[in-house]
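Residue-level structure breakdown
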Amino acid sequence: MTENYIPSDSVLYIQDFLTYLEQAKTNSDTNLATLQPKLAAAEDRPPQLAAAIKSWCKDHNIKLDRTQLAAVRANMLNKGETPPRPAEGERPETIYNKALLVEKVRQATEEQSEK
């Protein structure tokens, strides 16, 4: 990413949600399958995708605490895992799209069902 780039609130929310998904994979109480229709109905733009995620989080009483999620990302790095983020030089608005989010939710849902 360029040094002068400042991500929008929508992009930051999506980044936080992707980190939350890493935690949710081990929590079978999180009904991620109900998020897939909301994402499918959303326009493929970060503000609309973030709004669909926020709506789902509100419906399921999930709060994405940016401070807590920063600690999760740091813990992931300490374990040698890579937190979800765009590659160097890529703008999040082009990376964080509907196809990516639907796939990440699908993967997390599958991992939940295996636990």
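Considering the overall build of the protein chain
Along the protein chain, the regular secondary structure elements total six helices and zero strands. For the protein chain, the N- to C-terminal ordering of α and β elements is α-α-α-α-α-α. Looking at the 115 residues of the protein chain, the share that counts as buried comes to 36%. Put simply, 75% of the contacts in the protein chain that link residues at least 6 apart link residues at least 24 apart. Of the roughly 6,900 Å² of accessible surface on the protein chain, 48% is carried by carbon and sulfur atoms.

Focus on the pattern of salt bridges
A full pass over the atoms with the stated rule returns six salt bridges. Across the salt bridge formed by Asp16 and Arg73, the nearest N and O atoms sit 3.1 Å from each other. Remark: Arg73 occurs in helix α4 (residues 66-78) and Asp16 occurs in helix α1 (residues 9-24); sequence separation between them is 57 residues. With a shortest N-O distance of 2.4 Å, Glu110 and Arg106 are connected by a salt bridge. Of this pair, Glu110 and Arg106 are both found in helix α6 (residues 98-114), four residues apart, which corresponds to roughly one turn of the helix.

Comments concerning unusual backbone geometry
Among all residues save glycine, negative phi is the norm, and among peptide bonds the norm is trans. Even without a glycine there, the phi angle at Asn61 is positive, about 50 degrees. Along the polypeptide, Asn61 turns up in the loop between α3 (46-59) and α4.

Description of the packing of aromatic side chains
Tallying each qualifying case throughout the model produces two aromatic pairs. Ring pairs connect the aromatic residues Phe17, Tyr20 and Trp56, which therefore count as one cluster. Stacked on the ring of Tyr13, the Lys or Arg Lys54 has its end atom at 4.9 Å from the ring centre.

A short note on α1
If you check α1, its first and last C-alpha atoms are 22 Å apart, about what 16 residues at 1.5 Å a residue would give, namely 22 Å. Of all 16 residues in α1, 12 are buried; the element is thus mostly enclosed. By the burial criterion, the buried members of α1 are Ser10, Val11, Tyr13, Ile14, Gln15, Asp16, Phe17, Leu18, Thr19, Tyr20, Leu21 and Ala24.

A closer look at the side chain of Gln112
As for its placement among the helices and strands, Gln112 is situated in helix α6. Those residues in contact with Gln112, other than ones at most four positions away along the chain, are Ala24, Lys25, Asn27, Ser28, Thr30 and Leu32.

Description of the nonpolar core
The biggest cluster of nonpolar side chains holds 25 residues, and the ones touching the most others in it are Ile14, Phe17, Tyr20, Leu39, Ile53, Trp56 and Leu64. When residues of this core are traced back to their parent elements, those giving at least two are α1, α2 (35-41), α3 and α6. The dominant element in this core, judged by the number of residues it contributes, is α1, at eight residues. Apart from residues no more than four positions distant in its own chain, Ile53 is found in contact with Tyr13, Ile14, Phe17, Leu35, Leu39 and Leu101.

Quick word on the environment of Leu39
Within the secondary structure, Leu39 sits in helix α2. Separated by 62 residues in sequence, Leu39 and Leu101 place their C-alpha atoms 7.7 Å apart. The residues touching Leu39, leaving out its near neighbours within four places in the chain, are Leu49, Ala52, Ile53, Lys98, Leu101, Val102 and Val105.

About the cut-offs
Residues numbered from 1 in each chain as written. Predicted model: local features only at pLDDT ≥ 70, side-chain atom pairs only at ≥ 80, totals over all residues. Heavy atoms only, no water. Helix = DSSP H or I, 4+ residues; strand = E, 2+ residues; numbered from the N terminus. Buried < 20%, exposed > 50% of the residue type's maximum accessible area, 1.4 Å probe, protein only. Contact = heavy atoms within 4.5 Å. Areas by Shrake-Rupley, 256 points an atom, 1.4 Å probe, with all protein chains shown as cover. Salt bridge = Lys/Arg side-chain N within 4 Å of Asp/Glu carboxyl O. Phe/Tyr/Trp six-rings, centres within 6.5 Å; stacked < 30°, edge-to-face > 60°. Lys NZ or Arg CZ within 6 Å of the ring centre and 35° of its normal. Expected span 1.5 Å × (residues − 1). Core = buried A, V, L, I, M, F, W, Y, C linked by side-chain atoms within 4.5 Å.

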